[in-house]
Each structure stands twice: as structure tokens, then as C-alpha cells.
Amino acid sequence: MASPDNVPHAGRRAFLRGRASARTTIRPPWALLEPRFLDACTRCGECVETCPEQVLVIGTGGYPEFDPRLGECSFCGSCVDTCASKALDRSTTSLPWHWKAHIQHDRCFAEQGIVCASCADGCPERAIRLRPALGGIQTITVDPAACTGCGACVSLCPATAIALRIPEAPP
Ligand code: SF4
Ligand code: SF4
Ligand code: SF4
């Protein structure tokens, strides 16, 4: 059952890290809602150290962030298990987070007629579909019910056409 306590902070800030980009701050999975996360996290860095996928980084203010450009979160739970301060806490919800893959269609190679299916091929949940369309292009869709927000597609996309976002609630 989802809880407000684990809906991640979605505030955006622009920063430079190798290339210019605007990136959403994504806390590690099962993080408390900000600002409760900021209160609880001691910035010990243990979660970053323990992550076997090496997809967590020390971000702004010394707080941990998930960077999907580095790879996929396997939801192994090691970061949660090592968090002594319970800033990451699986007891409040079974959902690790609410992030979903979002395609920037005007950047996608396949939608411009260039052969590419890296995201669909690499998605462990088979949540991405490419369908032939007129003019030799493909149309691409993400099934939000299947997408776990793991970030694998983000790191695999050669066009940097995918980001993680929290979908807006239906009206
Ligand atoms: S759940 Fe596992 S793979 Fe995902 S961020 Fe935590 S330690 Fe890394
Ligand atoms: S975030 Fe993960 S589950 Fe979602 S579409 Fe990308 S690879 Fe598939
Ligand atoms: S990997 Fe990127 S460029 Fe390739 S089909 Fe997927 S979204 Fe498009």
C-alpha cells in the first residue's frame, strides 16, 4: 500500500555533471517523504557504499541520490537494510517509489526513423513497446502498470531520450 511517506521529492534543479542536463532528485528506494527524509538521513553514505549496482551517489548537501544514468536499481534492498537511521524504510510501504519511465519523443532515434530498440531490449519488465508506423518510423510507448522505474532504459538510451518522472494523478 502506497504511503505519503515514501513518495520521493520531485523538485528539479539543473546541474552540470559531464554534460549539461536538468535532472530530478531521486532518493534511494523506500525513502521517506522529504523533508522527513532530510531529517532522518545522517548523510553517513552507507547506502551509497553498499549498493551493488553502484547507482547511488552523494548528491547536493551530502544526501544520497539515485542516478539512473549509471544503471538499473535491482531493488535488492541492500541500501535499506544498511540504513540505521531508517531514512530508508520498507515498513511503511511495499512500493519502493513511484517513478516511471518517460519518453521524450522528439529525441528518440526510433521515432525519427533511426533503428534503435535499446530501451525495449533492456527493460526487465518488458514495459516498453515499439510499433511500426508510417514512413519507416516507430512509435514508442511505456506501460506504466508494468514499469517499476528501475532506470535500466535511462542508462541504455543512446539519445538520452528517457527520464524518470512521477506521473500526475488523474483528475
Ligand atoms: S535497492 Fe539495491 S540496487 Fe537499488 S539502490 Fe538500493 S542497494 Fe542499489
Ligand atoms: S524504468 Fe525499468 S521497468 Fe520502466 S521502462 Fe525503463 S527499464 Fe522498463
Ligand atoms: S533507446 Fe532511446 S532512442 Fe532508442 S528506441 Fe528507446 S527511447 Fe528511442
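Residues numbered from 1 in each chain as written. Chains lettered and ligands numbered in written order. Predicted model: local features only at pLDDT ≥ 70, side-chain atom pairs only at ≥ 80, totals over all residues. Heavy atoms only, no water.

The protein goes by Ferredoxin-type protein NapF in an unreviewed UniProt entry, where it is assigned to Dyella koreensis. Under the UniProt heading Subcellular location (unreviewed entry), the entry covering the protein gives this text: "Cytoplasm". Its UniProt record gives the protein a comment under Sequence similarities (unreviewed entry), which states: "Belongs to the NapF family." (UniProt positions renumbered as here; feature names shortened; annotations may be inferred.)

A.B. asks: Which residues make up the site of ligand 1, and what values do they have?
C.D. replies: Neighbouring ligand 1 are the residues Pro29, Cys51, Pro52, Glu53, Leu56, Cys73, Ser74, Phe75, Cys76, Gly77, Ser78 and Cys79. Along the lines of polarity and charge, the residues of the shell around ligand 1 split into 8 nonpolar, 3 polar and 1 charged. (Near = heavy atom within 4 Å. Nonpolar A, V, L, I, M, F, W, Y, C, P; charged D, E, K, R; others polar.)

A.B. asks: Go over the nonpolar core, please, and point to the residues and values.
C.D. replies: Counting 39 residues, the largest nonpolar core has Phe37, Leu56, Phe66, Leu88, Cys153, Ile162 and Leu164 as its most contacted members. Sorting the residues of this core by element identifies helix H2 (46-50), helix H3 (78-82), strand S5 (100-103), helix H4 (118-122), helix H5 (152-156) and strand S8 (162-165) as the ones contributing at least two each. Counting only domains with at least three residues in this core, you end up with domain 1 (4-92) and domain 2 (100-165). (Core = buried A, V, L, I, M, F, W, Y, C linked by side-chain atoms within 4.5 Å. Buried < 20%, exposed > 50% of the residue type's maximum accessible area, 1.4 Å probe, protein only. Helix = DSSP H or I, 4+ residues; strand = E, 2+ residues; numbered from the N terminus. Domains from an automatic or database assignment.)

A.B. asks: Could you give me a rundown of the packing of aromatic side chains, with the residues and numbers involved?
C.D. replies: A complete count under the given rule lists 4 aromatic pairs for this structure. Where tryptophan 30 meets phenylalanine 75, the ring centres are 6.4 Å apart and the plane angle is 85 degrees; that geometry is what we call edge-to-face. A residue pair is termed long-range when its members are at least 10 positions apart, and tryptophan 30 in the loop between strand S2 (19-24) and helix H1 (36-40) and phenylalanine 75 in the loop between strand S4 (64-66) and H3 qualify at 45 residues. Judged by relative accessible area, tryptophan 30 falls into the buried class, the value being 6%. What makes phenylalanine 75 partly exposed here is its relative accessible area of 22%. For the pair phenylalanine 37 and tyrosine 63, a centre-to-centre distance of 6.3 Å together with 55 degrees between the ring planes defines the contact as tilted. Placement of phenylalanine 37 in helix H1 and of tyrosine 63 in the loop between strand S3 (56-58) and S4 is noted, with a sequence separation of 26 residues between them. Residue phenylalanine 37 is classed as buried on the basis of its relative accessible area of 1%. Across from the ring centre of tryptophan 30, 5.2 Å away, lies the NZ or CZ of arginine 90, which sits over that ring. (Phe/Tyr/Trp six-rings, centres within 6.5 Å; stacked < 30°, edge-to-face > 60°. Lys NZ or Arg CZ within 6 Å of the ring centre and 35° of its normal.)

A.B. asks: Would you mind going over the confidence of the model for the protein in detail, with residue names and values included?
C.D. replies: Of all residues in the protein, 85% attain a pLDDT of 70 or more, and the chain-wide mean is 88. Counted against residues more than four places away or in other chains, residues 1-21, with its pLDDT under 50, gives 56 contacts. (pLDDT = per-residue confidence, 0-100. Contact = heavy atoms within 4.5 Å.)

A.B. asks: Describe the site of ligand 3, naming the residues involved and giving the relevant values.
C.D. replies: Neighbouring ligand 3 are Cys108, Phe109, Ala110, Cys116, Ser118, Cys119, Ile140, Cys157, Pro158, Ala159 and Ile162. Split into classes, the residues belonging to the shell around ligand 3 amount to 10 nonpolar, 1 polar and no charged.

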